[in-house]
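Coordinate analysis (summary)
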Amino acid sequence: MLSVHGRKPASVVIEPVARTLHKAGVSPNVVTVAGTAIAIVFALWLIPTGHHFAAAVLIGLTVATDMVDGTMARMRGGGTKFGATLDATCDRLSDGAVFGALAFWCALQQPQEKVLMALSLVILVASQVTSYVKARAEASGIKVVGGLIERPERLIIGLVAVGLHGLGIPHILAWGLWILAAGSVYTVIERLVIVARSEVGTEHIAAPEGAREFSQPEDGADR
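Cut-offs applied
Residues numbered from 1 in each chain as written. Predicted model: local features only at pLDDT ≥ 70, side-chain atom pairs only at ≥ 80, totals over all residues. Heavy atoms only, no water. UniProt positions renumbered as here; feature names shortened; annotations may be inferred. Helix = DSSP H or I, 4+ residues; strand = E, 2+ residues; numbered from the N terminus. Contact = heavy atoms within 4.5 Å. Core = buried A, V, L, I, M, F, W, Y, C linked by side-chain atoms within 4.5 Å. Buried < 20%, exposed > 50% of the residue type's maximum accessible area, 1.4 Å probe, protein only. Salt bridge = Lys/Arg side-chain N within 4 Å of Asp/Glu carboxyl O. pLDDT = per-residue confidence, 0-100. Expected span 1.5 Å × (residues − 1). Arc of directions from axis to C-beta. Polar contact = N/O pair within 3.5 Å; in protein donor to acceptor, adjacent residues only side chain to side chain.

In the nomenclature of an unreviewed UniProt entry, the chain corresponds to Phosphatidylinositol phosphate synthase from the organism Corynebacterium falsenii. Quoted straight from UniProt, the Subunit (unreviewed entry) entry for the chain says "Homodimer." Comment text from UniProt for the chain, heading Subcellular location (unreviewed entry), reads "Cell membrane".

Dropping the structure here:
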């Protein structure tokens with residue numbers, strides 16, 4: 001949702017940063033990898049140790065590089081297929097680190113926050129599947145645009161909930177995780193419905209190599 005409608009307002013801040021790095025000769029791929037590595041370090045260090053407000057602020061700043069590297073690529077005349085693949089891979093890694101670290105923190109609590117841990121794992125899996133559905137569909141020529149909970153919504157809701165929890169606001173983390181878990185599962189189903197309703201969604205595909213082929217029965221033949 002925000003990935004479609006939120007880019008123009010954010011460009012006011014993102015474009016000057018991207019232009020400065022572009023003029024300095026920094027590669028968009030370097031920005032992608034560096035931002036992901038820093039976000040992972042912050043997530044695995046600050047979230048399990050209970051420094052949730054600091055984690056939310058610092059991770060939020062580093063994941064913003066996801067828009068910076070894309071803007072830099074466009075300033076260079078367009079991104080590359082490798083760059084797009086690297087960016088998508090790094091997004092999955094940083095998302096996994098955030099919600100994996102949150103599940104780990106829940107497991108360390110006395111008593112364990114079993115419900116919150118389960119919700120974190122649901123979000124972790126559903127977020128990966130959400131991206132996979134889009135990638136697999138587009139590899140088959142089916143365009144999938146939008147969704148209720150995409151990466152921007154997931155990070156904003158998740159990090160805001162973590163940060164406010166770090167400030168001592170009761171129940172805010174549970175509310176945030178429940179919203180994300182339900183919304184993420186809905187988004188997986190939503191994208192599958194988009195694929196199913198597409199014009200090419202019912203087209204037959206070739207069997208994988210080595211699979212047994214079955215001929216279609218002729219009209220009037222026993223079925």
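1. Quick word on the overall build of the chain
A count of helices and strands for the chain gives nine helices and zero strands. Secondary structure elements in the chain, listed N-terminal to C-terminal, are α-α-α-α-α-α-α-α-α. Of all intrachain contacts in the chain linking residues separated by at least 6 positions in sequence, the fraction that spans at least 24 positions is 79%.

2. What to know about the nonpolar core
Membership of the largest hydrophobic core comes to 29 residues, with the highest contact counts inside it found for Ile47, Ile59, Phe99, Leu102, Leu173 and Leu177. Looking at this core, the elements that each hand over two or more residues are α3 (28-46), α4 (52-63), α6 (81-108), α7 (114-139), α8 (151-166) and α9 (172-197). Sorting elements by how many residues they give to this core places α6 first, with seven residues.

3. Looking at the UniProt feature "binding site: a CDP-1,2-diacyl-sn-glycerol" (unreviewed entry) in the chain
The UniProt record marks Asn29, Val30, Val31, Thr32, Gly70, Arg74 and Thr80 with the feature "binding site: a CDP-1,2-diacyl-sn-glycerol" (unreviewed entry), using the residue numbering of this structure. Mapped onto the elements of the fold, Val30 is located in helix α3. Secondary-structure assignment places Thr80 in the loop between α5 (65-75) and α6.

4. Focus: the pattern of salt bridges
Per the counting criterion, the structure on display carries six salt bridges. A salt bridge links Asp95 to Arg154, with the shortest nitrogen-to-oxygen separation between them at 3.0 Å. Of this pair, Asp95 sits in helix α6 while Arg154 sits in helix α8, and the two are 59 residues apart along the sequence. Residues Asp95 and Arg154 agree in their burial class; the two are buried. Taken together, the shared-partner salt bridges connect Asp91, Arg92, Asp95, Arg151 and Arg154 into one network.

5. Side note on the confidence of the model for the chain
Overall, the prediction assigns the chain a mean pLDDT of 87, with 89% of residues at 70 or greater. Confidence scores differ between elements of the chain, with helix α1 (residues 2-5) showing the lowest mean pLDDT of 50 and α9 the highest of 96.

6. Brief notes about the UniProt feature "active site" (unreviewed entry) in the chain
Per the UniProt record, the feature "active site" (unreviewed entry) sits at Asp91. Tracing the sequence through the fold places Asp91 in helix α6. Under the relative-accessibility criterion, Asp91 is labelled buried at 10%. Non-local contacts of Asp91, meaning those with residues more than four positions away in its chain, are made with Asp66 and Arg151.

7. Side note on unusual backbone geometry
Cis rather than trans, the peptide bond between Gln110 and Pro111 has omega equal to -5°. Relative to the helices and strands, Pro111 resides in the loop between α6 and α7. In the Ramachandran plot, His171 falls in the positive-phi region, its phi being about 65° despite a non-glycine side chain. We classify His171 as exposed; its relative accessible area is 61%.

8. A word on α3
Since one α-helical turn is 3.6 residues long, residues separated by three or four positions face the same way. Look at α3: 27 Å from first C-alpha to last across 19 residues, which is about the 27 Å you get at 1.5 Å a residue. Those residues of α3 that fall on the buried side of the exposure criterion are Pro28, Val31, Thr32, Gly35, Thr36, Ala39, Phe42, Ala43 and Leu46. Projected down its long axis, α3 carries its buried residues within an arc of 130°, all on one side. Projecting away from the buried face of α3 at angles above 90 degrees are the exposed residues Val41 and Leu44. The backbone nitrogen of Asn29 lies 3.2 Å from a side-chain oxygen of the residue at the head of α3, namely Ser27.

9. A short note on the environment of His165
Looking at where His165 falls in the secondary structure, it is placed in helix α8. Residue His165 is classed as partly exposed on the basis of its relative accessible area, which comes to 28%. Distance in space between the C-alpha atoms of His165 and His52 is 7.0 Å, their sequence separation being 113 residues. Excluding anything up to four places from it in sequence, His165 contacts His52, Trp105, Ile172 and Leu173.

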